[in-house]
Amino acid sequence: MLELNQADVKVGEGLVQDRFSGNAESKRQITLIQQEHLMAMASLLHRDSIAASDLRRNLVVSGINLLALKGQTFCINAVVLQTTGLCHPCTKMERLLGPGGYNAMRGHGGITAKVLTSGVIKLGDTVKLID
């Protein structure tokens, strides 16, 4: 996992150079998780913190309830995304976070999205619902 200050996003691919990029039919072109949920998961695991990179999600956002974006179209900078579902944890979370990692992520895994408009996302960009 790489932590970047900006990323190129393409329709039908997701994040350029992501390990999952290039699948135009995928409903999981981009994954998002809330920063606030990292603290909740850390608490459930009796830890001070969890590194966002351990969770294998593409984007970490804060100040917005991602579940409120269910079935919605939204943008980050010029990139337009459409929510495609919940991003459920996988069994790798037990290895990455330790015992209980999978259960700590249940309900906190974030969302998946499909790219509708290409562009660049930068650290600090705002997530906005499109009416």
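Up top is the structure.
Described in the following lines is the structure provided in the data block. (Residues numbered from 1 in each chain as written. Predicted model: local features only at pLDDT ≥ 70, side-chain atom pairs only at ≥ 80, totals over all residues. Heavy atoms only, no water.)

### Structural notes on the nonpolar core
Inference 1: Ranked by size, the top nonpolar core spans 18 residues in total, and within it V9, I30, L32, F74, I76 and L81 carry the most contacts.
Inference 2: Elements that contribute at least two residues to this core include exactly β1 (6–10), β3 (30–34), β4 (59–61), β5 (73–76), β6 (79–86) and β7 (111–117).
Inference 3: Here this core takes three residues from β7, the largest share from any one element.
Inference 4: For V9, the residues in contact, after removing those within four places along its chain, are G14, L15, V16, I30, V79, V115, S118, G119 and I121.
Inference 5: Membership of the second largest hydrophobic core comes to 11 residues, among which are I50, M93, L97 and A104. (Core = buried A, V, L, I, M, F, W, Y, C linked by side-chain atoms within 4.5 Å. Buried < 20%, exposed > 50% of the residue type's maximum accessible area, 1.4 Å probe, protein only. Helix = DSSP H or I, 4+ residues; strand = E, 2+ residues; numbered from the N terminus. Contact = heavy atoms within 4.5 Å.)

### Topic: the pairing of β6
Inference 1: Sheet analysis places β5 next to β6, joined by four bridges and oriented antiparallel. Residue pairing in the sheet places F74 in a bridge with L81 of β6.
Inference 2: Once β5 ends, the chain turns through two residues before running back antiparallel as β6, passing N77 with a positive phi of about 60°.
Inference 3: Of the strand pairs in this sheet, β6 and β7 are connected by six bridges, and their pairing is antiparallel. Note on β7: the bridge partner recorded for L81 is V115. (Pairing = 2+ DSSP bridges.)

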